[in-house]
Amino acid sequence: MLGGWFLWFILFWVVVLISLFAIGGFFMFRKFLKRLPKEDGKSILDWEEHYVNETRDLWTPDQKALLEELVSPVPELFRDVARQKIAGKIGEIAIEDHAEKINREHVIRGYILATPKRDHKFLRKKLQQMKIDATPYEHLF
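Residues numbered from 1 in each chain as written. Predicted model: local features only at pLDDT ≥ 70, side-chain atom pairs only at ≥ 80, totals over all residues. Heavy atoms only, no water.

(A) Seen up close, the confidence of the model for the protein. Residues with a pLDDT of 70 or more make up 98% of the protein, whose mean pLDDT is 84. Per-element averaging of pLDDT across the protein places helix α6 (residues 120–129) at the bottom with 80 and helix α1 (residues 5–35) at the top with 89. (pLDDT = per-residue confidence, 0-100. Helix = DSSP H or I, 4+ residues; strand = E, 2+ residues; numbered from the N terminus.)

This is the structure:
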């Protein structure tokens, strides 16, 4: 029979591993849900990819730099996912507006709409740091 400190060591690692598996499973399940096709036959991720591909030629170097600056507060581990989601939303807005080029307004609107509500405090702070007036976009928050 196990006893003493070794028992507690094993129990500690059992709890840690179960917790890590649960956290990993949660995020994998969320990704799985985003991959499920909707009524139109495309998933959320498929639409994001579609909008990014359709508007790839509309991006100017200035707008790409602005997008990079806006996603800079996102931890590096999640930055690619955030960039893809925001670029997809910007592309959707540009297509709806029948834009010939993506401009600053498209980038800011897409950034606001693609950012979860819980992160709007950080979003406002970043816009303030960049000296971008958020009052024309208040209805989007």
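(B) Representation of the environment of serine 43 in the model. Along the chain, serine 43 turns up in the loop between α1 and α2 (44–54). Once the C-alpha coordinates of serine 43 and arginine 104 are considered, the two residues, 61 residues apart in sequence, prove to be 28 Å apart. If we skip the residues at most four places from it in the chain, serine 43 touches Lys34, Arg35, Leu36, Pro37 and Lys38. (Contact = heavy atoms within 4.5 Å.)

(C) Inspection of the packing of aromatic side chains at higher detail. Under the defined criterion, the tally for this structure stands at 7 aromatic pairs. Above the ring of tryptophan 47, the side-chain terminus of lysine 42 is found at 4.6 Å from the ring centroid. (Phe/Tyr/Trp six-rings, centres within 6.5 Å; stacked < 30°, edge-to-face > 60°. Lys NZ or Arg CZ within 6 Å of the ring centre and 35° of its normal.)

(D) View of unusual backbone geometry. Even without glycine at this site, lysine 131 takes up a positive phi of about 55°. Residue placement: lysine 131 occurs in the segment after α6.

(E) Local environment of helix α3 (residues 61–70). Those residues of α3 that fall on the buried side of the exposure criterion are Gln63, Leu66, Leu67 and Leu70. Burial along α3 is one-sided: seen end-on, the buried residues are contained in an arc of 100°. Check the buried side of α3 and you find it contacts α4 (76–96), α5 (104–114) and α6. (Buried < 20%, exposed > 50% of the residue type's maximum accessible area, 1.4 Å probe, protein only. Arc of directions from axis to C-beta.)

(F) The arrangement of the side chain of threonine 55 in detail. Structurally, threonine 55 can be placed in the loop between α2 and α3. A polar contact of 2.7 Å, which involves the side chain of threonine 55, links it to the backbone oxygen of tyrosine 51. When neighbours within four sequence positions are excluded, threonine 55 is seen to be in contact with Gly91, Ala94, Ile95 and Ile102. (Polar contact = N/O pair within 3.5 Å; in protein donor to acceptor, adjacent residues only side chain to side chain.)

(G) Structural context of α2. Every buried residue of α2 is accounted for by Leu45, Glu48, Tyr51 and Val52. Along the long axis of α2, the arc covered by the buried residues comes to 125°, so they all point the same way. The secondary structure elements touched by the buried residues of α2 are α1 and α4.

(H) Broad picture of the pattern of salt bridges. Taken as a whole, this structure holds 6 salt bridges when the rule is applied. Salt-bridge contacts for arginine 83 lead to glutamate 68; the nearest nitrogen and oxygen are separated by 2.6 Å. With a gap of 15 residues between them, arginine 83 in helix α4 and glutamate 68 in helix α3 connect regions that are remote in the sequence. Given the relative accessible area of 22%, arginine 83 is considered partly exposed. By relative accessible area, which is 36% here, glutamate 68 ends up partly exposed. One salt bridge connects arginine 83 with aspartate 80, and the closest N-O pair in it is separated by 2.7 Å. Highlighted residues: arginine 83 and aspartate 80, both in helix α4, separated by 3 residues, approximately one helical turn. Residue aspartate 80 is classed as exposed on the basis of its relative accessible area, which comes to 53%. When salt bridges that share partners are traced, they join Glu68, Asp80 and Arg83 into one network. (Salt bridge = Lys/Arg side-chain N within 4 Å of Asp/Glu carboxyl O.)

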